[in-house]
Amino acid sequence: MKVLLSWLREFASIEGDPAELADHLSDLGMAVEEMRVLPSLDGVVVARVAGLRPHPEADRIQLVDVELPGATGEGTGGALQVCCGAFNMSVGDLVPLATVGTTMPDGLEIGERRLRGQLSQGMCCSPAELGLGTDHDGIMILPGDLELGAPLMDQIGLAGDVLYDLEVNPNRPDAMSVAGTARDLAARLGVPFEIPAPVVDEIDEDISTVASVEIVDADLCGRFGARVITDVSISQSPLWLQARLTLCGMRPINSVVDVSNYVMLELGTPNHTYDLSLVPGGHLGTRRSAGGERLVTLDGTEREMLAGDGLIVDRDDRPIGISGVMGGADTEISEDTTAVLAELAWWDHLSITRTSHRLGLRSEASMRFERGTDHELVPVALDRFCELLDRISPGGVSVYRGRLDARGDLPGHRSVAVRPDRMGHLLGRPFSATDLGDLLNPIGMTCAVSGGAAPCTAEGDADTLEVTIPSFRPDVETETDVAEEVARHYGYGRLGRTVPRSPEPGRLTPVQRLRRDLRRVLVGAGLSEAMPNPFLAPDAVRRAGIDDAEPVRLLNPLATEESVLRPSLLPGLLAAAAYNISHRNEAVSLFEIGVVFGPPSARSADEVLPTETEHLGAIWAGGEADNAVRIAELIAGDFGLDLSLRNAADLSGMHPVRAAEVMLGDQPIGVVGEVDPVVCERHGLTERCAWLHLDAETLLTAAAAAAGRPYQVVSAYPSSDIDLTFVIPKHIQSSDVRTILQTDGGELVRTVVLVDAYRGTSIPRDARAITYRLRLQANDRTLTDEEIAQIRDRCNAAVALMDSAVALRSA
């Protein structure tokens, strides 16, 4: 928001160095993004267009004869001649003329120059060239009552003024006005603040004879006010008003619209004006739309309303405006307007927000309504509109007696219990009741001792204060909000810096600690962590052999090749491995712990977001299934989990016979083995690729539950290894054999490792020979040959009972 220092001074005696005032504004939470001292523009004067002639050698330039007292030149009749590329002037217009020798705000020095053979004795200026606006397209046309030859800035009254560009946060609706900014700054400087009471001369005829207002939906509109002004002549606003609007980012249009915008900037109260003759019976009503209603707004666009949108309607219940957003074209102010119906309302901010966002109509007015406006300023702002329009209109205007003022659901007066001790705890220094009153009363938050009406001005202290929140601060609701106001006006810089102490220091959860342990295990095993993009191209999922998962599609992808969310870690790690191999880093092994995405949960019909689960993926380029199995066993041993393997067919993206499911008890939590050769070929991988995939959430949760496992004694006695080989039918899982050996072998069997698998002519076609290495050890003695033989016999007998399994040999 932009605000002029001279405008602030109309509400309080604000004095001091402009840079120091900027520091105060920033410290109050309205950060000054830019401060600009307006140039005096010495040499820019008011001149009259005496004639317009075409340039004999250039179609896009005209010759302007400029009349300036005491100056003569090469123009017609001795007037100054100026070459100008703008064509929006007429003879008799007053324009700003930069005379020869003037230095413009951008550093350009004006001199006599010839353009295509014609002498130019100065420059007619646009608002942008003067630093008074952004319009480069046309020359600035001045009001006709200015003194010819007088310095322009003296006529405007802006010479040496200061323009502040403020950053106003959404929680400061009061700061979206000149008056609100002046209130805060006056409180900081300790000077009185006051909104001057408008003075309106009224005619005898009462407003009720020509106009009426009605609120149909009280939850939409809390207050609906109006005034009627007649004998209006639409004209150009005076230069000082145009300049203020332009500098504050508003485009001057005509006297009525300019006054409307001026009051909005000054008091933070958006308002709207209607041509009274175009409003049947002068009646305005407000209600919510039933849906499907249409109207053409001021921008010429026909808009369809949805049920619940706010509307302003006429006597015939016909929409003529969108509440708090934009008016309708049918009742727009025009050059023929002679009577104005000025409307000002307080709207439910959530309703305005929904409608303006849906329609894409974000305006200065809707922005203020979305943040919240002051309903108590409705009559003041209406009177200010009438006062200012009367002031700038030649011959004045006539204002009907009285105001229309309908009421709906308004927020009640609020008060917050504030404890001085609590303020001290929150802000890090003690504040007495008197201190709080001195800081809060100047910004409209009146303080009284709780339980009585006594103000906080006496010596001493109180346990609790009642702070009454003014209507222009809808953002202040709690004691903490009040503490923020105290801090702002006391000064954040004066509070000092302290690091708050927490009664409980932050720490990692058990799962977070185990996740870090999992990374350390994988890095220690020689793998490198990769972080592929979670966004994939649709065909990347298919190329990875994942046909059983429909990926979640993005509604607004940044690129087509990143339009779906990954349903697995395999596509990303395959691409990473292929990239490394293409750059001659053949023996690459990578892992990732990341989130994969699935369709929304079916638990609720309202679920619209995809499900997210954390997974572990690891890939070995040029590796065999044993690589992945060993890492799975390493993880199981480190976390104290009993993981087993189970043969399974048709695992997505996996080798048809060199892959298995990883089981945690009876629950499958992943796959291990080799990637399907077809998938490898699609990615340009000519060697085998080992793959391990685990559900990290399930794994880490189980590890956290098993984290309290007892310490295992390390035996000081030697161990003995025996190898057992069995012929196993194809339908028997090798992991089941391993479980039998571990269980029936007894507590002296420390580890069981699969060391070999063989298929050949000496083995039946529907079977295979597998060899396990058992490590035997006792904690209190060295095992005898007899004890080892007993364990071997038990294991052979247990496996022999497994559906025709045959023990071949043992060693």
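Whatever comes next refers back to the structure up there.
Residues numbered from 1 in each chain as written. Predicted model: local features only at pLDDT ≥ 70, side-chain atom pairs only at ≥ 80, totals over all residues. Heavy atoms only, no water.

## What about the environment of P764?
Positionally, P764 belongs in the loop between strand 38 (749–758) and strand 39 (767–776). Look at P764 and you get partly exposed, because its relative accessible area is 44%. A C-alpha to C-alpha distance of 93 Å links P764 and R223, two positions 541 residues apart in sequence. (Helix = DSSP H or I, 4+ residues; strand = E, 2+ residues; numbered from the N terminus. Buried < 20%, exposed > 50% of the residue type's maximum accessible area, 1.4 Å probe, protein only.)

## Focus on unusual backbone geometry
Glycine aside, the phi torsion of most residues is negative, and most peptide linkages are trans. With phi around 55°, D231 is a residue other than glycine that occupies positive phi space. Relative to the helices and strands, D231 resides in the loop between strand 13 (221–230) and helix 5 (239–247). Using a relative accessible area of 55% as the deciding quantity, one classes D231 as exposed.

## Let's talk about helix 20 (residues 734–745)
In a regular helix each residue adds 1.5 Å, so twelve residues correspond to 16 Å; helix 20 covers 16 Å between its end C-alpha atoms and thus fits that length. Of the positions making up helix 20, those classed as buried are S735, V737, L741 and G745. What you see down the axis of helix 20 is that its buried residues fit within an arc of 160°, all on one side. On its buried face, helix 20 is in contact with strand 33 (643–647), strand 37 (720–729), strand 38, strand 39 and helix 21 (785–800). (Expected span 1.5 Å × (residues − 1). Arc of directions from axis to C-beta. Contact = heavy atoms within 4.5 Å.)

## Topic: the nonpolar core
L130, Y164 and I229 are the most contacted members of the largest nonpolar core, which totals 79 residues. Sort the elements by how many residues they give to this core and helix 9 (residues 378–392) lands first, with eight residues. Sequence-distant contacts of I229, defined by excluding residues within four places in its chain, comprise T338, A339, V340, A342, F385, C386, L389, V397, S398 and V399. With 32 residues, the next largest nonpolar core counts I207, V279, I320 and L361 among its residues. (Core = buried A, V, L, I, M, F, W, Y, C linked by side-chain atoms within 4.5 Å.)

## Some points on the sheet that holds strand 10 (residues 162–167)
Strand order in the open sheet formed by three strands is 1-10-2, with antiparallel pairing between adjacent strands. Taken across any chain shown, the strands that pair with only one partner, and hence form the sheet edges, are strand 1 (2–4) and strand 2 (31–37). Direction aside, the axes of adjacent strands within the sheet are offset by 25° on average. The pairing of strand 1 with strand 10 spans three bridges and is antiparallel. Across the sheet, K2 pairs through a bridge with D165, a residue of strand 10. Contacts between helix 2 (residues 18–27) and the sheet are confined to strand 2 and strand 10, with strand 2 contributing the most and set at about 160° to the helix. (Pairing = 2+ DSSP bridges. Axes fitted to C-alpha atoms, helices over the stretch in contact; angles between N-to-C directions.)

Everything listed is a geometric property; what it means functionally is a separate question.
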